[in-house]
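# Structure assessment
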Amino acid sequence: MSDDTEAVVIDPDDDDDDDDNAPRLSAATLAALQEFYAEQISEDQSMPKEDWQLSQFWYDDKTAQLLAEEALAITGDGGRIACISCPSVYRKLREFARDNVSICCLEYDDRFSIFGNDFVFYDYNDPLNLPEGFEKAFDVVVADPPFLSEECLRKTAVTVKHLAKDRVILCTGAVMEDLAKELLSSVLPIQAKPFKWTCK
């Protein structure tokens, strides 16, 4: 919302039809409305703000770039990349990828429909509710399960195995390392912050 937006104050007791008395929001109401709109879109205007109720925590720019570069190095030209619950990596991939790289953002939060046809609604509780043609269709899958729980990682791993031809970048907490190795047998831990596991 721009700073030149006019306020509207509605006074139910004012019966004056004069145009000079057009309805206007009070300054406090306008400020609250502007704050609400500002919270909906982050500073760069291309990424919705984190919703902690959905366990959303965006990567900093450096980490998102590192993950995007790794995915692009694995994929190469003309490849396909799926991002599961990591829209900040998706956004960084879009910044760096050539036009012939296909990138898909699988995300529960429908605010990411701003990504257009690249957005696919994804609920880890229904891990195989995916579009036709997605099975073994991606050269690399970047996944960051939204919760540090066995249930969430198990269900996300079902999706990862369904989507990936063979390469996976799994980002999760160190506490999930043993389970990640069990579920994605060829996982190799790489010590980093955040921890990153890459299937090779």
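To keep things clear, this report deals only with the structure shown in the data block.

Conventions and cut-offs
Residues numbered from 1 in each chain as written. Predicted model: local features only at pLDDT ≥ 70, side-chain atom pairs only at ≥ 80, totals over all residues. Heavy atoms only, no water. Helix = DSSP H or I, 4+ residues; strand = E, 2+ residues; numbered from the N terminus. Buried < 20%, exposed > 50% of the residue type's maximum accessible area, 1.4 Å probe, protein only. Contact = heavy atoms within 4.5 Å. Areas by Shrake-Rupley, 256 points an atom, 1.4 Å probe, with all protein chains shown as cover. Axes fitted to C-alpha atoms, helices over the stretch in contact; angles between N-to-C directions. Left-handed = near helix turned anticlockwise from the far one by under 90°. Nonpolar A, V, L, I, M, F, W, Y, C, P; charged D, E, K, R; others polar. Core = buried A, V, L, I, M, F, W, Y, C linked by side-chain atoms within 4.5 Å. Phe/Tyr/Trp six-rings, centres within 6.5 Å; stacked < 30°, edge-to-face > 60°. Lys NZ or Arg CZ within 6 Å of the ring centre and 35° of its normal.

## Digging into the overall build of the protein chain
Each helix and strand in the protein chain was counted, giving five helices and eight strands. Mapped from its N terminus to its C terminus, the protein chain presents α and β elements in the order β-α-α-β-α-β-β-β-α-β-α-β-β. Out of the 200 residues in the protein chain, the part that is buried amounts to 41%. Put simply, of all contacts in the protein chain between residues at least 6 apart along the chain, 57% involve residues at least 24 apart. When the accessible surface of the protein chain is totalled, it reaches about 11,500 Å², and 49% of it is carbon and sulfur.

## A closer look at the packing of helix 2 (residues 61–75) against helix 3 (residues 87–96)
Across the interface, helix 2 lies against helix 3 with an axial gap of 8 Å and an inter-helix angle of 65°. Where helix 2 crosses over helix 3, the two elements pack in a sense that is right-handed. For the pair formed by helix 2 and helix 3, the contact residues are Asp61, Ala64, Gln65, Leu67, Ala68, Ala71 and Leu72 on the first element and Ser88, Val89, Arg91, Lys92, Leu93 and Phe96 on the second. A breakdown of the residues in the contact of helix 2 with helix 3 according to their chemical character gives eight nonpolar, two polar and three charged.

## Here we look at the environment of Leu106
Tracing the chain through its elements places Leu106 in strand 3 (residues 102–107). Put simply, Leu106 and Ser85 are 21 residues apart on the chain and 6.1 Å apart in space, counted from C-alpha to C-alpha. In this structure, Leu106 is in contact with Ala82, Cys83, Ile84, Ser85, Val120, Tyr122, Leu130 and Leu163, ignoring residues within four places of it in sequence.

## Notes on the nonpolar core
In this structure, Ile84, Leu106, Phe138, Val141 and Leu163 are the most contacted members of the largest nonpolar core, which totals 26 residues. By residue number, the principal contributor to this core is helix 4 (residues 150–163), which donates five residues. Beyond its immediate chain neighbours, meaning those up to four positions away, Leu163 contacts Ala82, Ile84, Leu106, Leu130, Phe134, Lys136, Ala137, Phe138 and Val141.

## Structural notes on the packing of aromatic side chains
In the structure shown here, the tally under the stated rule is three aromatic pairs. Seen from the ring of Phe138, Arg80 lies directly overhead, with NZ or CZ sitting 4.5 Å from the centre.

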